[in-house]
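Notes for the structure review
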Amino acid sequence: MNEQELQDAVNRLPKSIEPPRDLWPEIEARIGTRAGSRSWQRRWYWVPLAAAAVLVFLLIARAERSAWDVTALAGRPLIGTKRLAASGRLRVGDWLQTDDSSRALIAVGRIGQVEVRPDSRVQLVVARTTEHRLALAHGTIDAKVDAVPRLFFVETPAGTAIDLGCAYTLETDSLGKGLLHVTGGEVEFQTGSRASRVPLGALMQIRPTGPGTPYVDDAPAPFVRAIIAFDFEQRGTRARATRNVLALARAQDAISLWHLLQRVDVPLRGLVYDRLAALVPPPPGVTRRASIALESRALEGYWTKIQRIHFRIMVLRGVREIDPRTGLARE
Amino acid sequence: MSDDLVARAQAGDQTAFRELYREHAGRVYALCLRLTGDGRDAEERTQDVFVRLWDKLSSFRGESAFSSWLHRLAVNVVLNERRTTGRRERRVMPTEDPDSVVGAQHAAPLHGSGLSIDLERAIAELPDGAREVFVLYDIEGYAHGEIAQLVGIAEGTSKAQLFRARRLLREKLER
């Protein structure tokens, strides 16, 4: 059996297998116990006691949840005006500051961690189980989060990095000029209505005006320069910059062209689409007309294909050579 | 509709939650069965997943498909259980040595027919680490970076385990 035959057999496996017996009665008993334990609280004479207990619990829980653990990794970072010895707590509203020789590790609730590199300033903005939010005023952080998408946010002077289940390094100066490098999963960076999706193995320049166009971390320097020119140089030169990007693009650069399609002036969209389609053919159902009209279904369909190929290239680097047009392994 | 069921279950409606169970039990059980390689473990983990779901349902905000969210929850439940109890270490395959899987027994029930049966059996007989990576990558479509985070291993280890799993499976299916 070769690799392809194995893959075909895997693809034929059923996605769903019914359990050999009904598991519901035991599940019901387990959750019923919890529900049952709540029923006594509905009796009127328990109400004052329950209310008092809940109030105390909420106060304690709020105090606990509104602070995250911080550990000094090097030197003595500051929390507010106090030096952090070995470890401490960062409360909502507190600023953590590192100097040129100190570093700190912040536990992001229960979902991840952020290493704060030297010369950085970070504030805890929101610390709830449904929203974990930091502000990075300047400096560099390395974030690792293991949670469902959109639970962890980092505000910068230029916009907000939104975690989609990932690991990344984010740096910014106090004006908002910075860089995002994603090393696992995917990050969305948003400034107003402008957003970029940066997958594993991709970089993105950030300016005070917002996020640039993502590009793969092994993109040739001329291509990167062309992308930066398109994103941040004078608007009058954008048509020329667009043509430069298209001329230099490889199939591996499809994530860049997918963003470019939505950012170029309308007359240039057809040009960008045609180049993208020549490098990575669109999946079935995604048409030129719908893509140029920026219909979300078409764009999402195309992105899913591009992202899937991109992830395979990245995770199989050094292991298998992947055709960037199709995502299939080359023999 | 699943959305309506989710909303009702979030409000504490156990009848709606039971319907959610009926709708998703097969998908969750298949995942648990393949990750654990053991039918009895898979039943327990499936129950754990739905009990955990009942606790966590209020945190579902509809930003991804419910089935995707539940799927991720199920993966976490199974992997966390293994990490915290080390139950796997007491099972019939106490080592990651690929050679040791020959002749290993398993309790996973078989489904499908022909090659699918052989493949399910072969997957169940893989060493734990190789099986988890194979199931998550090749069957469930996770990337190595995600698997590394979920399982608590390096990405390189994930790639190596996948390579090992595929080789072992090909060898077993050729017999």
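Everything numeric in this text was worked out from a predicted model, so none of it was measured. Along each chain, numbering runs from 1 in the same order as the chain's sequence is written. Here chains are named by letter from A upward and ligands by number from 1 upward, in the order in which they appear as written. At least 70 in pLDDT is required for a residue's local features to be given in this predicted model, at least 80 for side-chain atom pairs to be given and counted, and no such filter applies to totals for whole chains, interfaces and linings, which use all residues.

Observations regarding the overall build of chain B
Just so we agree on the cut-off: A run of H or I in DSSP counts as a helix once it spans at least four residues, and a run of E counts as a strand once it spans at least two, with each numbered from the N terminus. Buried, partly exposed and exposed are defined by the number of other C-beta atoms within 10 Å of a residue's own C-beta, namely 20 or more, between the two limits, and 12 or fewer respectively, with C-beta atoms placed from the backbone. What counts as a contact is two residues whose backbone-derived C-beta atoms lie within 7 Å of each other.
The helix and strand tally for chain B stands at eight helices and zero strands. Taken from the N to the C terminus, the helices and strands of chain B come in the order α-α-α-α-α-α-α-α. Counting across all 175 residues of chain B, residues that qualify as buried make up 44%. Residue pairs at least 24 apart in sequence account for 57% of intrachain contacts in chain B once pairs closer than 6 positions are excluded.

A closer look at the overall build of chain A
For chain A, the helix and strand inventory stands at nine helices and 18 strands. A burial count over chain A gives 35% of its 331 residues as buried. Taking contacts inside chain A between residues at least 6 apart in sequence as the whole, the part at least 24 apart equals 39%.

Topic: the confidence of the model for chain B
Residue and element names in this part refer to chain B. What counts, and what does not: pLDDT expresses, on a scale from 0 to 100, how confident the predictor is about each individual residue.
Scored by pLDDT, chain B has a mean of 79; 79% of the residues are at 70 or more. Between the elements of chain B, mean pLDDT differs from a low of 79, seen in helix 5 (residues 115-124), to a high of 93, seen in helix 2 (residues 14-36). With pLDDT under 50 throughout, residues 87-113 is counted as low confidence; its partners more than four residues away or in other chains account for 47 contacts. Quick note on the complex model: pTM equals 0.56, ipTM equals 0.82.

Describing unusual backbone geometry
Residues and elements named next belong to chain A. For Asp-119, which is not glycine, the phi dihedral falls at a positive 60°. Counting through the fold element by element, Asp-119 comes out in the loop between strand 7 (112-116) and strand 8 (121-128). The class of Asp-119 is partly exposed, set by 14 C-beta atoms lying within 10 Å.

What about the nonpolar core?
Short version of the rule: A set of buried residues drawn from Ala, Val, Leu, Ile, Met, Phe, Trp, Tyr and Cys, joined through C-beta atoms within 7 Å, is what defines a nonpolar core.
If you look at the biggest cluster of nonpolar residues, it comprises 123 residues, and the most contacted ones within it are Ile-106, Leu-180 and Val-187 of chain A together with Cys-32, Ala-74 and Phe-134 of chain B. Of the residues forming this core, the biggest block, 11 residues, is contributed by helix 2 of chain B. Leave out the neighbours within four places in its chain, and Ala-74 of chain B touches Val-28, Leu-31, Cys-32 and Val-49 of chain B.

What about the environment of Ala-147 of chain A?
Residue and element names in this part refer to chain A. Its location among the elements puts Ala-147 in the loop between strand 9 (131-145) and strand 10 (152-156). For Ala-147, a count of 21 C-beta atoms within 10 Å puts it in the buried group. In the structure, Ala-147 is positioned 18 residues away from Gly-165 in sequence and 5.8 Å away in space, judged by C-alpha atoms. Apart from residues no more than four positions distant in its own chain, Ala-147 is found in contact with Ile-111, Gly-112, Phe-152 and Gly-165.

Some thoughts on helix 2 of chain B
The periodicity of an α-helix, 3.6 residues per turn, causes residues three or four places apart in sequence to face the same way. All names here are of chain B. We count it as follows: An expected span of 1.5 Å times one less than the residue number is assigned to each helix. Given a residue, its bend is the angle between the two axes fitted to the seven residues that end at it and to the seven that start from it.
With 23 residues, helix 2 ought to run about 33 Å at 1.5 Å a step, yet its terminal C-alpha atoms sit only 28 Å apart, falling short of that. If you look at helix 2, its biggest bend is around 55°, right at His-24. With its phi angle positive at about 70°, Gly-37 sits one or two positions after the end of helix 2.

A look at the environment of Glu-120 of chain B
Residues and elements named next belong to chain B. For Glu-120, the location among the structural elements is in helix 5. Taking the C-beta count within 10 Å as the criterion, Glu-120 has 23 such neighbours and is therefore assigned buried. Separated by 87 residues in the primary sequence, Glu-120 and Leu-33 have C-alpha atoms spaced 9.6 Å apart.

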